[in-house]
Structure formats: C-alpha cells, structure tokens
Amino acid sequence: MVQERTLPMFQAASAQISAEEGLRLFEDMVLGRYFEDRCAEMYYRGKMFGFVHLYNGQEAVSSGVIKSLRPDDYVCSTYRDHVHALSAGVPARNVMAELFGKETGCSRGRGGSMHLFSSEHNFLGGFAFIGEGIPVALGAAFQSKYRRDALGQNDADQVAACFFGDGTTNNGQFFECLNMAALWKLPIIFVVENNKWAIGMAHERSTSQPEIYRKAGVFGIPGVEVDGMDVLAVHAAAQTAIARARAGEGPTLIECLTYRFRGHSLADPDEMRSKEEKQAWQARDPLSKFEAYLLEQKLAGEPELKAIKQKIQDTVDEAVKFAEESPDPSPDELHRYVFAEE
Amino acid sequence: MVQERTLPMFQAASAQISAEEGLRLFEDMVLGRYFEDRCAEMYYRGKMFGFVHLYNGQEAVSSGVIKSLRPDDYVCSTYRDHVHALSAGVPARNVMAELFGKETGCSRGRGGSMHLFSSEHNFLGGFAFIGEGIPVALGAAFQSKYRRDALGQNDADQVAACFFGDGTTNNGQFFECLNMAALWKLPIIFVVENNKWAIGMAHERSTSQPEIYRKAGVFGIPGVEVDGMDVLAVHAAAQTAIARARAGEGPTLIECLTYRFRGHSLADPDEMRSKEEKQAWQARDPLSKFEAYLLEQKLAGEPELKAIKQKIQDTVDEAVKFAEESPDPSPDELHRYVFAEE
Amino acid sequence: MAETFLFNALREAIDEEMGRDETVFVLGEDVGHYGGSYKVTKDLYQKYGELRVLDTPIAENSFTGMAIGAAMTGLRPIIEGMNMGFLLLAFNQIANNAGMLRYTSGGNYKIPMVIRGPGGVGRQLGAEHSQRLEAYFQAVPGLKIVACSTPYNAKGLLKSAIRDDNPVLFFEHVLLYNLKEDLPNHEYLVPIDRAEIVRSGKDVTLLTYSRMRHHVMQAVKTLEKDGFDPEVIDLISLKPIDFETIGASIQKTHRVIVVEECMRTAGIAAEIIASINDRCFDELDAPVLRLSSQDIPTPYNGKLESFTIVQPKQIVEAVKKMMALQV
Amino acid sequence: MAETFLFNALREAIDEEMGRDETVFVLGEDVGHYGGSYKVTKDLYQKYGELRVLDTPIAENSFTGMAIGAAMTGLRPIIEGMNMGFLLLAFNQIANNAGMLRYTSGGNYKIPMVIRGPGGVGRQLGAEHSQRLEAYFQAVPGLKIVACSTPYNAKGLLKSAIRDDNPVLFFEHVLLYNLKEDLPNHEYLVPIDRAEIVRSGKDVTLLTYSRMRHHVMQAVKTLEKDGFDPEVIDLISLKPIDFETIGASIQKTHRVIVVEECMRTAGIAAEIIASINDRCFDELDAPVLRLSSQDIPTPYNGKLESFTIVQPKQIVEAVKKMMALQV
Ligand SMILES: Cc1ncc(C[n+]2csc(CCOP(=O)(O)OP(=O)(O)O)c2C)c(N)n1
Ligand SMILES: Cc1ncc(C[n+]2csc(CCOP(=O)(O)OP(=O)(O)O)c2C)c(N)n1
Ligand SMILES: [Mg+2]
Ligand SMILES: [Mg+2]
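Residues numbered from 1 in each chain as written. Chains lettered and ligands numbered in written order. Predicted model: local features only at pLDDT ≥ 70, side-chain atom pairs only at ≥ 80, totals over all residues. Heavy atoms only, no water.

(A) Seen up close, the overall build of chain A. Across its full length, chain A carries 11 helices and 8 strands. Taking 2.2 N^0.38 as the reference for a compact globule, 342 residues should give roughly 20 Å; the C-alpha atoms of chain A span a radius of gyration of 19 Å, in line with that estimate. Evaluated residue by residue, chain A yields a buried proportion of 66% over its 342 residues. Nonlocal contacts in chain A, meaning residues at least 24 apart in sequence, comprise 76% of its contacts between residues at least 6 apart. Here chain A carries 36 positive and 49 negative side-chain charges, and the mean point of each set is 2 Å from the other. (Helix = DSSP H or I, 4+ residues; strand = E, 2+ residues; numbered from the N terminus. Rg over C-alpha atoms; globule rule 2.2 N^0.38 Å. Buried < 20%, exposed > 50% of the residue type's maximum accessible area, 1.4 Å probe, protein only. Contact = heavy atoms within 4.5 Å. Lys, Arg positive; Asp, Glu negative; His and termini not counted. Charge placed at Lys NZ, Arg CZ, Asp CG, Glu CD.)

(B) The interface of chain A and chain C, seen in detail. Facing 40 residues of chain A, the contacting portion of chain C comprises 37 residues. Counting the surface lost from both chain A and chain C, the interface buries some 3000 Å², and carbon and sulfur atoms represent 64% of this. Sorting the residues of chain A by area buried against chain C places Phe129(A), Arg205(A) and Leu334(A) first, and these three jointly supply 22% of that buried surface. Taken together, the links from chain A to chain C amount to 2 salt bridges. For the interface between chain A and chain C, the tally reads 15 residue pairs in polar contact (both at pLDDT 80 or more). Breaking the side of chain A that touches chain C down by element, the ones donating at least two residues are α4 (92-99) and α7 (203-206) of chain A. Looking at the side of chain A that touches chain C residue by residue, the class counts come to 18 nonpolar, 15 polar and 7 charged. (Buried area = accessible area lost by both parts, 1.4 Å probe. Salt bridge = Lys/Arg side-chain N within 4 Å of Asp/Glu carboxyl O. Polar contact = N/O pair within 3.5 Å; in protein donor to acceptor, adjacent residues only side chain to side chain. Nonpolar A, V, L, I, M, F, W, Y, C, P; charged D, E, K, R; others polar.)

(C) Representation of the site of ligand 2 in the model. In the neighbourhood of ligand 2, 20 residues make up the surrounding shell, with Tyr79(B), Arg80(B), Gly167(B), Thr168(B) and Glu60(D) lying closest. A distance of 2.8 Å separates an oxygen atom of ligand 2 from a polar atom in the side chain of Tyr79(B). Take Gly167(B): an N or O atom from its main chain is 2.8 Å from an oxygen atom of ligand 2. When ligand 2 is considered free in solution it has 580 Å² of accessible area, and contact with the protein chains removes 97% of it. (Near = heavy atom within 4 Å. Areas by Shrake-Rupley, 256 points an atom, 1.4 Å probe, with all protein chains shown as cover.)

(D) Here's a closer look at the interface of chain A and chain D. In this assembly, 45 residues from chain A lie in contact with 42 residues from chain D. Of the roughly 3500 Å² buried where chain A meets chain D, counting both sides, 63% is carbon and sulfur surface. When the area that chain A buries against chain D is broken down by residue, the three leading residues are Phe142(A), Tyr146(A) and Phe339(A), summing to 18%. There are 1 salt bridge connecting chain A and chain D. On inspection of chain A and its partner chain D, the count reaches 22 residue pairs in polar contact (both at pLDDT 80 or more). Going through the elements one at a time, β2 (123-125), α5 (133-150) and α6 (172-183) of chain A are the ones with two or more residues in the side of chain A that touches chain D.

(E) How the structure looks around empty space enclosed by the protein. What the rule picks out here adds up to 16 cavities of 30 Å³ or more. If you trace the largest cavity, you find 15 residues lining it, with Glu176(A), Gly172(B), Glu176(B), Asn61(C) and Asn61(D) closest to the centre. (1 Å grid on protein atoms, 1.4 Å probe; cavity = no way out; pocket = protein on both sides within 12 Å on 5 of 7 lines; lining within 4 Å. Points joined across faces, edges and corners; volume = space filled by probe spheres on them.)

(F) Here's a closer look at the packing of aromatic side chains. By the definition in use, this model includes 42 aromatic pairs over all chains. Both rings, one in Tyr38(C) and one in Tyr177(C), keep their centres 4.7 Å apart while their planes meet at 20°; by these two values the pair is stacked. On the criterion of sequence distance, the pair formed by Tyr38(C) in the loop between β2 (24-28) and α2 (44-48) and Tyr177(C) in the loop between β7 (167-173) and β8 (180-182) is long-range, its members being 139 residues apart. Taking relative accessible area as the criterion, Tyr177(C) reaches 3% and is therefore assigned buried. Taking the centre distance of 5.8 Å and the plane angle of 40° together, the rings of Tyr136(C) and Phe91(D) count as tilted. (Phe/Tyr/Trp six-rings, centres within 6.5 Å; stacked < 30°, edge-to-face > 60°.)

So this is what it looks like as structure tokens:
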C-alpha cells in the first residue's frame with residue numbers, strides 16, 4: 001500500500017564542496033545523531049519525560065539546510081526539534097539541560113522537548129502543535145522584508161527556514177502560508193521533511209497527492225524534490241533557495257524524502273511500518289553515506305572523522321553532565337515569564 | 001491593477017437544452033434577481049437589518065448548478081445565500097420572512113440573512129463566516145458515501161454542492177477539504193463564485209495564483225473554468241461534475257467567473273471597483289444574455305417570458321406580504337432550539 | 001467481569017454503540033490502523049471497516065466541520081481529539097457550528113456528535129499538551145461538556161453521550177487511562193447531566209471532576225483519619241452544572257471547596273462559585289474556596305509542574321482551615 | 001479639539017503610534033485600500049505604505065501567527081479583526097503562541113502585539129457576528145484583555161496597548177464607533193490595567209464595560225432621579241481585573257452588580273464574582289448580582305435580540321431590589 005517514490009538522483013560531483021565545508025556538515029550530522037541516541041538512553045533512564053521525538057535518519061535535512069544559513073537567519077521547527085536547534089547553534093548542553101527540565105536549559109526548563117527556544121540563535125522555537133510554526137516563521141520572514149522595504153534597512157536580508165513533516169502539509173496553515181509567502185515574496189524556505197509517516201498514518205493514506213513539492217507550483221512557488229538522505233543534495237537545494245530568498249525573489253518549497261529510524265516518539269510502539277521498509281531506508285543512512293563520500297572524495301581521512309566523532313561524543317557527554325548538575329528552576333519563579341518584565 | 005481574465009468560450013449550441021429546461025432556468029434566475037432587488041428595497045425601508053449580501057449578477061451560477069441537482073441533493077452556501085436557498089427550493093415567502101425576522105422564516109426568525117437554513121430542502125445553510133460551510137458540505141457528502149459504502153444503501157447517491165467566493169479560496173479550510181474530498185472520492189462539487197473581489201480586496205491582491213481552478217489539480221481533482229455569466233455554460237459544467245460525483249468518481253471544482261452588480265453588502269459604499277469594470281461586467285448580465293438566447297433559439301417567445309416575469313413578480317410581492325403579516329417569534333421561546341428537544 | 005482499564009471501558013462503549021446503531025462512526029487522527037494514541041479504538045477498524053473508523057488527515061477544523069455536516073444529515077460522529085488541545089484549531093467549527101447552528105437555524109438541524117479525547121496535565125508533557133480546554137469552551141452556548149473519571153463512569157457516560165442528540169465535548173484525562181475497575185457484565189448507561197456523589201459527608205462539600213477527583217479522594221483518606229467527614233461530589237457534567245445535587249449538598253454542609261485542574265482565572269470553579277452565589281449565598285457559612293491550577297502555562301520541569309496543579313496535601317489543609325473558621 | 005468619533009479616536013491612536021515607532025504596523029482584512037470596515041485605518045496606507053498597512057488574505061490563523069512571528073523578531077503588529085468573532089479561526093495561534101509562548105520559551109521571546117476590532121451584539125447582525133469573545137479568551141494565560149467604551153479611553157488605551165510588550169486583545173464595540181467626544185489636543189495615554197470610576201457613589205457598585213457602560217449610565221439617570229447614589233466602574237481591563245479599584249468600591253458600598261454583555265455562563269462576571277468571593281466575601285451585604293446576556297446564540301429577530309441583552313430598565317430594577325434588601 002505504501003508506495004515507494006524513486007529518490008531523485010543528485011550528481012554529487014556537482015556539489016563542489018570544500019573539505020572544510022564537508023567536515024562542518026559531517027560534524028553537525030554526527031552531533032545530531034549522537035545527541036539523539038543519548039536522549040533515548042536518558043529517557044529510558046528516567047531523566048527526561050513527556051513526548052520525546054527523535055530525529056535519527058533525517059540528519060541530512062537539518063544539516064544540509066541550516067548549515068547553509070547565516071547565523072542571523074531564522075530557523076523554525078516542530079516538536080521534533082532537538083537537532084534543528086543544534087544545527088542552528090544552540091549548544092548541546094543547553095538543549096540537553098532543557099530536556100532535563102533545568103534552569104540552564106535553552107527554555108529555562110519551562111519548555112521541554114517540544115518547546116526548545118533560543119532567541120540568541122534566532123531559533124524561533126519548537127512548536128508542539130503541527131503547522132503552527134509555519135505562520136510564525138512567515139512572520140520572521142515578513143519582518144525581514146519589512147525592515148528592508150518599509151524601513152529601508154538594506155542589510156535586512158535575513159531568511160527564515162521553516163521545517164515540518166509530510167502530515168502537516170494537509171493542514172490549512174501550510175497552504176495559507178504558501179499563498180502569503182508567494183504573494184509578498186517573503187524570504188522563507190519551506191522545508192518538508194517527508195518521512196512517509198505521520199505517527200501511524202502513511203502519507204499516501206492522508207493525502208490525495210503525495211508529491212508535496214508539486215503543491216508549490218499552484219502558488220507560483222518553485223517546488224523542489226530532494227533526496228533527503230543525501231546531505232549534499234539538500235545542501236545544494238538549500239543554497240539555491242536561500243540565494244533566491246535573500247535576493248528578494250521569494251520563497252521556495254523543498255521536499256526532502258527522508259525517513260525516521262525510530263518510532264514517532266519514544267512512546268510509540270512503532271508497529272505500523274514494515275521491517276522491509278525500515279531496512280530499505282536504513283540502508284540509506286545519511287551519515288554513513290556522507291562519511292563514505294568524504295573518504296571517497298578524499299575530503300577527509302579516517303583519523304580526522306574519528307576525531308570528530310570523539311569530539312562530539314565528548315560534547316554530548318559533557319552536555320549530559322552539565323544537565324545533570326544544573327539546578328531546577330526555582331519555585332519562586334513559577335510565575336515569571338508569563339508577562340514581559342518591565 | 002486588476003487584470004481581466006478572458007472568459008472561456010462556451011458553445012451554446014452544444015447545450016442542447018429543451019424549452020422546458022430553458023424556462024426552468026430562466027424562471028429561477030428571474031426569481032433570484034427580483035427577490036434581491038426587493039430585498040434592497042426592503043432594507044432601505046428598514047424592514048430588514050444587519051449585513052445583507054445580495055447576489056445580483058451571479059444568478060447564472062446558482063441556477064446553473066442547483067437546478068442541475070436533484071431535490072434530495074445537498075446545497076451549502078455562505079452569507080450571500082438568499083438565491084442559493086431559492087434555487088434549492090426554499091419558498092420565497094419563507095426566505096423573505098426570515099429576512100424580516102419572523103417566526104415563519106426558514107430559520108424561524110433566529111437566523112437572518114446570513115443564516116438561512118432548510119432541512120426540508122436539504123439546504124445545509126448560509127454560513128456567515130467564510131469557509132466554514134465547506135467542511136459542513138463535505139460532511140453531507142461523506143454521509144452520502146457512508147450510507148452507500150458502509151451501510152450498503154445503494155440508492156445513497158446524493159451529491160453536495162458547496163458555494164463560496166474567490167476570497168475564501170485563500171483560507172485553509174478550502175484546501176483541507178479539497179484534500180479530503182479527493183482522498184475519499186466524496187460526491188461533492190466545489191463551486192467557486194469568483195466575482196473578483198472579497199469586499200474591498202481585489203482577488204489578485206490576495207492570492208498568488210488567481211486562476212483558482214488550477215488549484216484543484218494538485219489534489220487530483222478536475223478543475224474547470226466556466227463563464228459564470230452564462231447559465232448554459234455553468235449548467236453543462238455542473239451536469240458533468242454531478243454525474244461524476246454520483247457515479248462515485250469524486251469531487252470537481254468549478255470556478256465560475258462572475259461579478260456582483262452591487263456592493264459587497266448593502267452597507268458597503270462600493271468605492272473600490274472602477275466604473276469601467278462594473279460597466280464591462282454589467283454588459284454581460286446573465287439574465288439578459290439568457291433571455292436573448294431563449295428568444296434567438298426560439299425556445300420561448302416574448303409573451304411566455306413576460307408571463308414568467310409577471311409570475312415571479314407576484315411571487316415576490318406575495319413573499320413580502322407574507323413576511324409583513326407574519327408574527328415575530330414569541331419571547332417565550334427565547335431559549336428554544338439551543339438544545340435538541342427530547 | 002474482569003478488571004477493565006479506563007481506555008478499554010471507553011473502547012467498549014464505542015464498540016457497543018457502533019454495534020447498536022450503524023450511524024455511529026469514529027473519526028480522527030490515527031483512530032483506525034493505529035488504534036488511537038491511547039488505544040481507545042484499538043482494532044475497531046477491522047471490525048467496522050475504514051469508513052466507520054476513519055483515519056483523517058491532520059486538519060482539525062475541517063474534519064470537525066465534516067463531522068458536523070455528517071451529523072446534520074443523519075449520522076452520529078464521534079471525533080477523537082488525539083489530544084483535546086488540538087481542537088483549538090477547530091474552535092470555530094465547534095463554537096459556531098456545533099454549538100450555535102441548531103439555534104441559529106431555528107431548530108432545522110440537530111447535531112448529535114461527541115468530541116472526545118484526553119485533556120489535562122500529564123507527566124511533563126509541556127504546555128501545549130497539558131491544556132484544560134473545558135475552561136475555554138465552557139462559555140460556548142449549545143454545547144454539553146462532560147468529564148469522566150473512572151472506568152465505570154467513563155463507559156456509561158460515553159454511551160449516553162453518543163446517544164445524546166446534542167454536541168457533547170467529552171473529556172478524558174491523560175493520566176487516568178490506566179485506571180482499572182470491575183465493570184458490570186450487563187449494559188448500563190450513566191446520565192451525562194448528573195453529578196456523582198462519591199462520598200457522603202456532612203462537614204464540607206468538595207466539588208471536583210476528572211483527575212482531581214482522585215486527588216480529592218487521597219486527601220479524604222487523611223481527613224477521615226483526622227476525624228473529618230467531607231462530602232465529595234464529582235461534577236461529571238461541567239456544562240450544564242447539576243445544581244440540584246450541589247444545592248442539596250450545600251444545604252447540608254454550608255461549606256464548599258472546588259478543586260479543579262483548570263487555571264484559576266475563568267476556570268470551571270469561577271462559574272460554579274458565581275452560580276452558588278446566585279443560588280445559595282445565604283446557605284454559605286464561609287466563602288467558597290477554589291483550589292485551581294496556577295494561572296500559568298504548564299511548565300515542563302517536574303517540580304514546577306507539580307506546584308502548578310493542586311496536590312492532595314493542599315486539599316487537606318484547605319478543609320482543615322475552613323472547618324476551623326468560626327461561623 | 002473638535003468632537004471626535006470613536007473610530008477616529010482609534011485611528012488617531014494608530015496614526016500617532018505608527019508615526020512615533022516605525023516598527024508598529026497594521027495588518028488584517030481590508031485595512032489598507034478599503035480603510036477598514038469601520039474606517040479605523042482609513043487612508044493610513046497612503047501615508048505609511050502597503051507593508052505597514054497590510055491587506056491580508058482571509059486566513060486568520062496564519063496571519064495571526066505571522067504577526068506573532070513578526071513580534072518575536074522585533075516588530076509591533078496591530079491585527080485588526082474585521083469582526084473579533086473571526087478570530088475564532090485564530091484561536092490556536094492566539095492561545096498557544098501569543099498567550100503561552102513567552103512562558104514556554106522561558107522568557108526567550110516577548111510578543112508585543114495588539115489584536116483589535118469590533119465585538120458585541122450589534123443591530124440584528126445574527127449569531128456569528130454578535131459574539132463576545134472576551135469570555136472565550138479570558139482563561140488563556142499570558143493575554144491581556146481590554147475593552148474601550150468612549151472616544152477618550154479608546155484612544156488612550158489603544159496607544160498604551162500598542163506600547164505594551166505583551167499580547168493585548170483589544171475589544172471595541174460595533175455599536176460604539178460613532179460615539180463622539182471632545183478629545184484633548186495634547187497626547188495622552190490611558191493605562192490599560194486600571195478600571196475607570198465613571199461615577200462615584202455610595203449605594204451600590206455597578207461593574208461594567210464596553211457598551212453596557214452606556215446602558216448602566218442610562219439606568220443611573222433614572223436611579224438618580226429616584227434618589228439612589230450608585231458607583232459606576234468601567235472595568236476597562238477584563239484580564240487582569242483591577243481589584244484595587246473594585247475592592248475599594250466594595251468597602252464603601254458593600255453591594256455589587258455586574259452588568260455585562262457576555263452570556264451568563266462563564267462570562268466576565270463569573271470570574272469577577274469568584275474573585276470577589278475570594279477577596280472580600282465578608283464585605284458583602286448581599287450576594288453579587290450578575291446581569292448578563294441570555295445563554296443563547298444571539299437571535300436575529302430584533303425583539304428577541306433585545307431580550308437577549310441587558311436593558312437599562314433591568315438595571316434600574318436590579319439596583320432598587322438590591323437596595324430594598326434588608327441587611
Ligand atoms: C494540531 C496538531 N494535531 C495533531 C497533533 C499530534 N501529532 C503530533 S505529530 C503528528 C504527526 C505529524 O506528522 P508529520 O507532519 O509527517 O511529521 P513527523 O512527525 O513525521 O516528523 C501528529 C498527528 C499535533 N501535535 N498538533
Ligand atoms: C472567517 C471570516 N473572516 C472574515 C469575514 C468577513 N468577510 C465577509 S465576506 C468577506 C469577503 C469574502 O469574499 P469572497 O470569498 O470572494 O466572497 P464574495 O463576498 O465575493 O461572494 C469577508 C472578508 C468572514 N465573514 N468570515
Ligand atoms: Mg512525517
Ligand atoms: Mg468574491
């Protein structure tokens with residue numbers, strides 16, 4: 001019933017990536033992977049609670065898009081937000097501390113897994129309800145255009161990247177925002193992480209037209225289909241879209257075909273997806289694939305990659321330690337942050 | 001700024017309409033026109049209140065679609081609902097009485113102009129908020145399919161026709177419903193009355209893709225563009241769509257290019273639309289056009305048409321008299337109808 | 001019958017009503033193949049088919065409106081809100097059409113439908129998944145609002161709600177699905193408009209509902225040991241409120257404490273206190289006390305979260321304090 | 001200054017604030033070219049351009065979310081709800097993001113925005129266009145809710161709301177736009193968190209807001225003739241309620257009547273009564289009385305409609321009855 005779409009081919013050669021750039025992407029992907037693996041561990045050890053949605057398998061999307069942005073660009077995520085936050089530069093320790101509910105967490109322990117925020121990193125947030133982040137990202141993009149065109153600030157060319165899943169593209173907010181983004185040529189990139197499932201709902205059972213990128217066309221927006229397991233493909237598509245947005249030419253929709261290697265959340269028994277399907281996608285692991293590419297292209301050697309892995313392992317270890325040792329928020333501040341302080 | 005779309009040509013000859021059918025359509029259009037003219041009069045005379053949205057100019061759409069339906073099919077409207085109700089068979093006297101707020105009104109005086117209802121005529125209602133009728137119509141269509149497919153009632157082949165304006169097609173509910181209708185092949189016809197304006201907002205300023213019928217395609221729904229000033233063109237498109245829906249083949253979207261001859265509501269100063277634009281469309285008056293056609297094709301003679309007009313004039317006169325003479329709802333029943341009676 | 005989990009009690013209610021009336025159907029996200037996030041519709045699609053246990057796209061406003069249209073034309077939909085919070089997206093359909101359409105249509109249509117699912121503060125689910133929508137919806141005319149609290153009443157109430165000809169918002173609690181109880185072997189209904197006297201007593205009337213019923217009963221254990229005799233009433237119907245039962249209790253105890261999980265401002269207790277004020281002010285020996293959640297979005301941190309909602313200890317203290325008041 | 005219509009007072013407020021702060025902008029349906037359904041933004045787009053007076057498609061949930069995103073990143077949006085009822089479609093964005101995001105983000109972001117527009121029962125506008133959304137939104141944490149009632153306070157309050165760093169729901173009343181009043185020539189602000197003592201008196205405290213203030217003042221004319229001396233307080237801030245002002249009044253009068261246009265169940269009065277009960281129960285010589293709209297969708301018929309909302313005569317009677325009570 002769940003049909004396979006052929007992943008679009010990407011000519012890796014055309015990527016012309018530098019060693020430095022390659023390692024930067026690789027490190028970010030490793031960080032995403034290791035961080036999430038540690039989260040699973042911590043969750044089962046009772047260190048974090050609630051719904052925790054991991055990103056394993058989709059790393060090429062976060063790294064490919066966000067690492068193509070400037071630090072002053074905006075990133076907007078969903079409940080599956082840890083890795084987007086990390087790619088956006090939120091330190092692993094502050095993300096981990098948030099998951100532990102600590103005062104040192106990026107949302108000061110108030111938000112938790114589905115509500116990561118960091119204004120310092122222009123990370124607009126994790127949004128726990130599907131689709132509700134799309135208009136918020138649109139607002140950041142509008143702000144950018146407003147500064148440039150209404151206020152004449154020529155350097156206001158920040159782009160907003162907005163992530164969401166296949167299931168979310170059946171929600172009205174998706175379409176409403178595509179329309180407004182196109183209408184006003186807002187500097188925004190809609191990144192659909194099509195991992196084929198919305199919890200237990202197969203994409204094909206929820207939508208009459210599974211090729212999401214085609215939906216952009218009727219709004220006059222370029223729609224691009226990308227192999228979401230190939231960081232270089234994502235990276236290339238993102239660069240084009242970002243350049244377009246920054247130049248004031250408007251939005252792009254990028255549909256990344258990807259897969260999550262774990263259940264929907266750590267509470268999901270994950271009984272709906274077939275073993276075959278999982279295996280087929282596991283074989284496309286974006287991390288192994290990119291590692292092989294780096295070696296093959298001689299952009300890096302084994303020791304270098306190993307060192308990066310070790311470094312990230314240490315970062316994640318340190319993050320856990322930091323989170324463990326951080327204090328809970330003070331009950332005296334229970335009512336703080338409801339309203340803006342004077 | 002407001003660009004003109006070329007109206008699609010319709011080969012009237014292909015309509016092959018019988019004299020009887022022609023007169024039926026004509027009578028319905030005359031009813032719509034005369035009824036609305038009388039509403040304006042009554043409004044200015046202080047007989048009705050609130051927001052009153054008239055349908056003048058768009059009659060070919062209501063008559064062309066609804067007169068192609070069976071009486072047991074469903075019709076769902078908006079706040080611009082008088083004429084849809086009339087076409088669906090709600091007697092003019094009960095519609096007029098509703099506008100007067102009388103107990104004999106089709107909504108027993110509780111609803112008013114934007115809230116006409118008649119369960120007897122499978123008229124699902126006028127809906128005062130844009131877009132909110134679309135899911136309701138979808139529900140009626142779902143019910144039809146449910147009876148046929150889940151309950152095995154082979155005669156359950158009722159179709160739902162859902163009307164809404166161009167401005168409404170930027171709202172999420174429109175897209176959400178197109179998707180579900182296509183996904184489940186529901187027997188529904190989405191009829192967009194594109195009159196180029198949403199109050200004071202020109203269609204082109206509100207949407208990145210003004211050709212609404214094209215939006216159907218990305219949901220796998222046939223999208224048809226029709227000259228909404230030509231009742232035969234609308235009729236033909238509706239027949240095809242209805243046949244398709246009744247056969248279980250799913251929804252159709254029909255975009256009718258039309259125009260309202262009055263302001264948005266009787267409270268609207270109507271200062272946004274240019275004189276030229278109004279005149280150009282006035283020249284396409286669907287009623288005169290169809291009258292000329294009937295005569296030209298010798299489907300009817302002058303006296304016959306005159307008699308129809310007289311009959312409708314009488315109907316509308318009688319409706320006003322009925323409405324005037326009808327009682328107000330009793331204050332004792334102020335709380336009735338909040339809940340279903342036992 | 002063997003002990004039944006609350007989620008299974010709900011499932012039985014749906015199964016029985018679907019078997020009894022072929023116009024009853026379920027729709028919502030992951031209600032079909034997945035069986036519902038809390039297993040309330042587990043395997044029902046296999047029994048009743050995909051149309052009667054309909055997996056919907058994530059489009060709350062539209063599928064709610066669709067259910068309304070289906071209800072207007074003769075079906076009896078049960079919407080599962082995977083989390084009731086998601087129905088914020090369907091507020092327009094619920095308020096304008098489910099709530100008001102019957103009146104506005106002058107009785108042309110009735111809308112027999114149930115919207116059910118988990119609400120409430122769970123275990124560190126974060127602010128958006130910890131909402132208590134009953135407060136947001138209580139002012140909407142034409143809706144009935146019900147909250148279940150035990151496997152027994154969950155089953156009987158849901159069956160009644162499904163048979164009701166009006167739109168019913170039916171709140172379950174995310175932390176109560178695994179409660180267990182012996183259920184009768186025979187069919188039974190529980191009326192959705194009657195409060196349940198959980199414990200008779202004479203000292204003070206404790207009004208509560210949903211999960212807070214269990215916090216109250218925990219407090220009662222302590223209070224009993226200390227010689228107090230509180231009356232505990234589970235409201236069951238949050239709209240309309242069953243003032244017959246409440247009034248009778250107040251005539252006996254002359255003291256009332258409302259324990260709710262809503263935030264304090266404009267919660268369920270606010271309306272109850274206003275109504276008590278309207279109806280039996282003179283019966284009161286002390287101002288009605290409301291123990292509510294803090295007026296803040298639910299924080300994720302476990303300690304803050306536990307400070308946000310009312311704990312049994314606070315109920316004990318409140319009762320003692322009220323009983324110590326000189327009248 | 002010449003007499004100013006309320007709609008123009010609002011327009012002046014917006015114009016002045018847009019002139020003062022270039023991050024302030026207006027968005028909504030028909031706010032630009034059309035000038036707003038009630039002319040509140042008339043011709044402003046010509047002065048400030050199309051981006052600062054932005055005509056939006058009819059997509060309330062998304063343009064509200066867009067405003068939130070713009071506010072998070074440094075702008076100060078003013079949303080016009082053409083009718084506040086339409087914001088039911090934006091309930092999710094208003095509750096989850098405008099209301100809760102600051103808290104949930106642990107203070108990372110603030111959301112300075114105003115959502116304004118007409119609410120209330122007009123003249124036979126039908127149920128959906130006659131809503132009193134303040135009741136539906138009052139339980140949402142993190143929102144401030146304000147209702148203006150005169151040209152003077154409309155202007156001063158709106159200016160303060162625009163400068164506030166929090167999301168403010170700002171209710172105008174569809175029947176008050178044409179009120180006229182002389183406004184000061186100099187700039188002024190009115191604090192959004194303070195109730196306004198409209199008339200000092202000692203007999204009874206009449207709490208009201210928005211259009212009902214004028215019904216109350218009509219009633220007061222009669223009451224004065226009959227020798228009564230009521231105190232009239234316009235709440236202005238519906239959330240949070242200014243209990244300092246209210247409490248002081250109750251200490252003086254010991255009697256309270258709340259006159260609101262909300263439906264009775266879970267209206268603004270419900271929370272006020274509950275709060276009075278919390279804070280100054282012992283000050284009361286009589287139960288607080290609430291005069292509210294009937295618990296029904298607003299019927300179209302003019303007579304039924306007038307029975308639905310509170311009329312001045314009922315206020316007169318209620319005061320007399322309360323004053324006749326033996327204490
Ligand atoms: C408004 C809303 N409805 C429902 C949910 C429950 N829910 C959480 S994730 C999810 C599936 C989303 O699928 P998709 O958009 O494909 O993203 P993925 O989880 O696959 O990354 C659902 C239904 C929600 N969070 N918000
Ligand atoms: C949800 C909602 N938002 C806004 C409005 C106010 N409004 C009434 S009609 C209208 C324009 C609708 O335009 P269109 O869909 O083109 O229909 P038309 O009036 O042209 O027939 C608007 C904005 C409304 N009724 N409901
Ligand atoms: Mg997915
Ligand atoms: Mg239009």
